[in-house]
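# Results of the structural survey
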Amino acid sequence: MEQRRKERIDRGIKVRTDGLYAVMSWRELSYLTLPRVVLIAGLLILPLVMPSMYWQRVISIVCIYSLLAISFDLLAHFVGLVSLGGALFIGVGGYLSAIMNTSFGFPPLLAIPIATLVGAGICTVLLLPCLPLRGVYFAIVSLMYPLAMTRVIEALDILGGTDGIMGIDSFPNRWIEQYFVILMVLLFLFGVRRLVNLDLGLVLRAVKDNDQAVRASGMSITFYKAVAVFISSAMGCLGGASIVHIYMWSGMSLFALDFSILPIAATVIGGAGTLVGPVLGCLILVPVSELLREFGTLRIVFYSVILVAFIVFRSEGIMVYGQRKYHQIERWVKV
Amino acid sequence: MSDQPILEVKGVTKTFGGILALNRVSFHVNEGEILGIIGPNGSGKTTLINCITAFIKMTSGKVFFRGKDISGKPAHKIADMGVTRTFQIMRPYYSLPAYKNLVIPLFSPRAKRTGGWRGGGKLGDRNTVGIDILEEIGFERDSFVPYKTASTLPTGYLKRLELARCLALKPEIILCDEVFSGLSMSEIASMVPLIERLQMDGIALVMIEHRLRELFRVARRIMVLNFGEKLIEGTPEEVMGDERVKEAYFGSAEEVEEDMSYA
């Protein structure tokens, strides 16, 4: 029997644009910029083409999940820390912003940045004890905190208890709300992509690759892991702070496990380690879960089927698949 | 320069459960000296380096670097002082190109301090400095080798990359864990001058080796370990003439005779 294999060759235009000479022609320039332009323009146009206010709200939620998914991707695939702490980040950021708004009267656009930075600091300190360890400890501890938080809030009846904090100011208007979260996603997406290729980012990637060698280079791995946790929990806290001003309510559901699990599913679907992939994953998963709402409790079944299908048939993720098709020619050749 | 040794190890003991891996090992390394450590497999050589550089905690004992007690400090602090090490099983960052591997040590606080440079400027950025160091250590600058991903490099280059990582830190002393092992004769032949040059630059070296012929070319003082204990210390000739060393490597004379009688 004749055996054949798939050969993959980089497109000529990819090889040419890898170096410094991409600015030589419009064709090559557009080859490089087109994917980015499509993403940016697409996200900016999205709120305008949504049929109703309900779907505009869905877009905002997509953006918040996207922030979480980028933060998960950064920690898991560039620093080697598998984080289940999405709910922790959202909860801490959300409650902080809610308190600052209701108790101190800060306007949302001031409360959100403060909650982001302070919240990231709190999350980093909370997770600090398990940073020197390798293995599953980080995942377990980051999963445990949101569970513990809900119980603490419930038992001590603090922070509004089971009713939550009500009467939180909303964004000045819904367009500001929409474009604030969209711009934040774009900012962090391109920011993190830049970060992982900086010298600091290389150190973070080195921690994942070989932490002993980083220690032998005279650098504390705990410190650099803490830096990474700070950056990614800042993204999560930003999402949480935004969400309380979108819903005008802050409650225990901010610590719900959806915030930990859905970003991971989105990363699997979108393509791990690509940073853009998780955003695409959220753009698919969140609306799908809204569409499936009509099926009531059956929703979770459909949802699982979609996920399993993706993992079985396209485990590399949309983005990795797409990049390959974009950059490479595939053809069957004789062995 | 003072007579004070650059590294002084006093009574280092390490137990793994009930097994005594190192039993009160003491030695010193003088400024700019190469000290060879040899011994049969499992005699505790690598454990000794791990203990000195705090990659594992020693059970008891003290290590002094330039008279300062460094035992009990974390590994990255010890490396930060200039006590660097290579790994026997190479630990490059496999997903990064060879020259990017050096960006990481060049980013360390020590490199920023000793280089008097924070990236950029006259010396170029960290990538350029990384390639300079790689060239120094035997990567051909104009070839594609420094730009290849570390996972595709052969053993010889990875061993050099280990040394390069130490050099990026501008070390005072390098503890080399078998830099010659796994290399071909010609690769070793090109490594020896490199080691000699490091010594000429005033860097002290501790070399664990099984390749005795090459080791004796560069090291004038040899220490022998056996079952975690220091057997003897002296010049290569003294060491190799010693009965106990022969016994450790080949078994005792009686045993050999016994074996012979069976044959």
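Keep in mind that what you see is a predicted model, and the values were worked out from it rather than measured. (Residues numbered from 1 in each chain as written. Chains lettered and ligands numbered in written order. Predicted model: local features only at pLDDT ≥ 70, side-chain atom pairs only at ≥ 80, totals over all residues.)

Before going further, it helps to spend a moment on the overall build of chain B. When its secondary structure is counted, chain B shows 12 helices and 10 strands. The C-alpha radius of gyration computed for chain B amounts to 19 Å, which stays within 12% of the reference 18 Å derived for 263 residues, consistent with globular compactness. Along the longest, intermediate and shortest principal axes, the C-alpha atoms of chain B span 70 × 40 × 40 Å. Counting the 263 residues in chain B, one finds 43% classified as buried. The contacts in chain B between residues at least 6 apart in sequence include a share of 67% that link residues at least 24 apart. (Helix = DSSP H or I, 4+ residues; strand = E, 2+ residues; numbered from the N terminus. Rg over C-alpha atoms; globule rule 2.2 N^0.38 Å. Buried ≥ 20, exposed ≤ 12 C-beta atoms within 10 Å, placed from the backbone. Contact = placed C-beta atoms within 7 Å.)

Before going further, it helps to examine the overall build of chain A. Within chain A, the secondary structure is distributed over 14 helices and four strands. On C-alpha atoms alone, chain A measures out to a radius of gyration of 21 Å, which is about the 20 Å that the 2.2 N^0.38 rule sets for 335 residues. The principal-axis extents of the C-alpha atoms in chain A amount to approximately 70 × 55 × 45 Å. Per-residue burial for chain A yields a buried fraction of 42% across its 335 residues. Pairs at least 24 residues apart make up 75% of the contacts formed inside chain A by residues separated by at least 6 positions.

Right, let's get into unusual backbone geometry. You will see that B:Arg24, though not glycine, has its phi angle at about 45 degrees, which is positive. Phi is positive for B:Arg66, close to 50 degrees, though the residue is something other than glycine.

Within the sequence span of helix α6 (residues 126–136) of chain B, burial applies to B:Arg126, B:Val129, B:Gly130, B:Ile133 and B:Leu134. Down the axis of α6(B), the buried set is contained in an arc of 140 degrees. They therefore lie on one face. As for α6(B), its buried residues are in contact with α8 (199–209) of chain A together with α3 (98–101), α4 (103–106) and α7 (155–168) of chain B. In the segment just after α6(B), B:Gly138 is the residue with positive phi, at about 110 degrees. (Arc of directions from axis to C-beta.)

Taken together, the contact between chain B and chain A spans 24 residues of the former and 16 residues of the latter. At the level of elements, α2 (75–81), β6 (83–85), α4 and α5 (109–115) of chain B are the ones that each hand at least two residues to the side of chain B that touches chain A. It is α2(B) that provides the largest number of residues to the side of chain B that touches chain A, a total of four residues. Residues of the side of chain B that touches chain A, tallied by class, amount to 12 nonpolar, five polar and seven charged. (Nonpolar A, V, L, I, M, F, W, Y, C, P; charged D, E, K, R; others polar.)

Take the sheet that holds strand β1 (residues 7–16) of chain B next. Residue and element names in this part refer to chain B. Spatially, β2-β1-β4-β5 is the arrangement adopted by the four strands of the open sheet, whose pairing is antiparallel. Of all the strands in the sheet, the pair left with one neighbour each is β2 (19–29) and β5 (68–69). Sheet analysis places strand β4 (residues 60–65) next to β5, joined by two bridges and oriented antiparallel. Its bridge partner being in β5, phenylalanine 64 is matched across the sheet by aspartate 69. (Pairing = 2+ DSSP bridges.)

Moving on to the packing of helix α3 (residues 53–79) of chain A against helix α10 (residues 221–247) of chain A. Residue and element names in this part refer to chain A. In contact at an axis separation of 9 Å, α3 and α10 are set at 170 degrees when each is read in the N-to-C sense. With respect to α10, the element α3 is oriented roughly antiparallel. Residues Ser60, Ile64, Leu67, Leu68, Ile70, Ser71, Leu74, Leu75 and Val79 of α3 pack against Lys225, Ala228, Ile231, Ser232, Met235, Gly236, Leu238, Gly239, Ser242, Ile243 and Ile246 of α10. Of the residues assigned to the contact of α3 with α10, the class counts are 13 nonpolar, six polar and one charged. (Axes fitted to C-alpha atoms, helices over the stretch in contact; angles between N-to-C directions. Parallel < 35°, antiparallel > 145°, perpendicular 65-115°, else oblique.)

Glancing now at the nonpolar core. Core analysis: the biggest nonpolar cluster contains 165 residues, and A:Tyr65, A:Leu67, A:Val185, A:Val203 and B:Leu205 have the highest contact counts within it. Ranked by residues supplied to this core, first place goes to α3(A) with 15 residues. Not counting chain neighbours up to four residues away, the residues in contact with A:Leu67 comprise A:Met184, A:Val185, A:Phe188, A:Met235, A:Gly236, A:Leu238 and A:Gly239. (Core = buried A, V, L, I, M, F, W, Y, C linked by C-beta atoms within 7 Å.)

A few words on the packing of helix α11 (residues 258–270) of chain A against helix α12 (residues 276–291) of chain A. All names here are of chain A. Where α11 contacts α12, the two axes come as close as 7 Å, and the packing angle between them is 110 degrees. The angle between α11 and α12 falls in the class roughly perpendicular. α12 is crossed by α11, and the crossing has right-handed handedness. For the pair formed by α11 and α12, the contact residues are Leu262, Pro263, Ala265, Ala266, Thr267, Ile269 and Gly270 on the first element and Gly277, Pro278, Val279, Leu280, Gly281, Cys282, Ile284 and Leu285 on the second. Split by residue class, the contact of α11 with α12 holds 11 nonpolar, four polar and no charged. (Left-handed = near helix turned anticlockwise from the far one by under 90°.)

Now for the pairing of strand β10 (residues 229–234) of chain B. Note that strand β9 (residues 221–226) of chain B and β10(B) share five bridges and pair antiparallel. Each residue of the ladder has a partner; that of B:Met223, found in β10(B), is B:Glu233.

Every regular strand shows the same layout, with side chains that alternate between the two sheet faces. All names here are of chain B. The pairing of β1 with β2 spans seven bridges and is antiparallel. Paired with phenylalanine 16 across the strands is isoleucine 19, a residue of β2. Counting the residues between successive antiparallel strands, the hairpin from β1 to β2 contains two residues, one of them, glycine 17, with a positive phi of roughly 60 degrees.

The next point concerns the sheet that holds strand β7 (residues 173–177) of chain B. All names here are of chain B. What the six strands build is an open sheet, ordered β6-β7-β8-β3-β9-β10; its pairing is mixed. Both outer strands of the open sheet, β6 and β10, are each paired with one neighbouring strand and no more. Direction aside, neighbouring strands of the sheet carry axes that sit 20 degrees apart on average. Contacts between helix α1 (residues 45–52) and the sheet are confined to β3 (34–38), β6, β7, β8 (204–208) and β9, with β7 contributing the most and set at about 145 degrees to the helix. Against the sheet, helix α11 (residues 243–250) contacts β9 and β10, and its axis sits at roughly 130 degrees relative to β10.

What follows is about the confidence of the model for chain B. The predicted model of chain B averages 86 in pLDDT, with 91% of residues at 70 or higher. Interface confidence in the predicted complex, given as ipTM, is 0.85; pTM for the same model is 0.89. (pLDDT = per-residue confidence, 0-100.)

Time to look at the environment of A:Arg299. All names here are of chain A. Topologically, arginine 299 is positioned in helix α13 (residues 299–313). Given 16 C-beta atoms within 10 Å, arginine 299 falls into the partly exposed group. Look past the residues within four positions of arginine 299 in its chain and what remains in contact with it is Ser289, Leu292 and Arg293.

All names here are of chain A. Residue position: threonine 162 is located in the loop between α6 (137–156) and β2 (165–166). Its 10 C-beta neighbours within 10 Å are what place threonine 162 among the exposed residues. Placed 91 residues apart in sequence, threonine 162 and serine 253 show a C-alpha to C-alpha distance of 9.4 Å. Each residue touching threonine 162, except ones within four places of it in the same chain, is listed here: Glu154 and Met252.

What follows is about the environment of A:His77. Residues and elements named next belong to chain A. Counting through the fold element by element, histidine 77 comes out in helix α3. Between the alpha carbons of histidine 77 and alanine 213 there is a distance of 18 Å; along the sequence they are 136 residues apart. In this structure histidine 77 touches Ala272 and Gly273, once residues within four positions along its chain are discounted.

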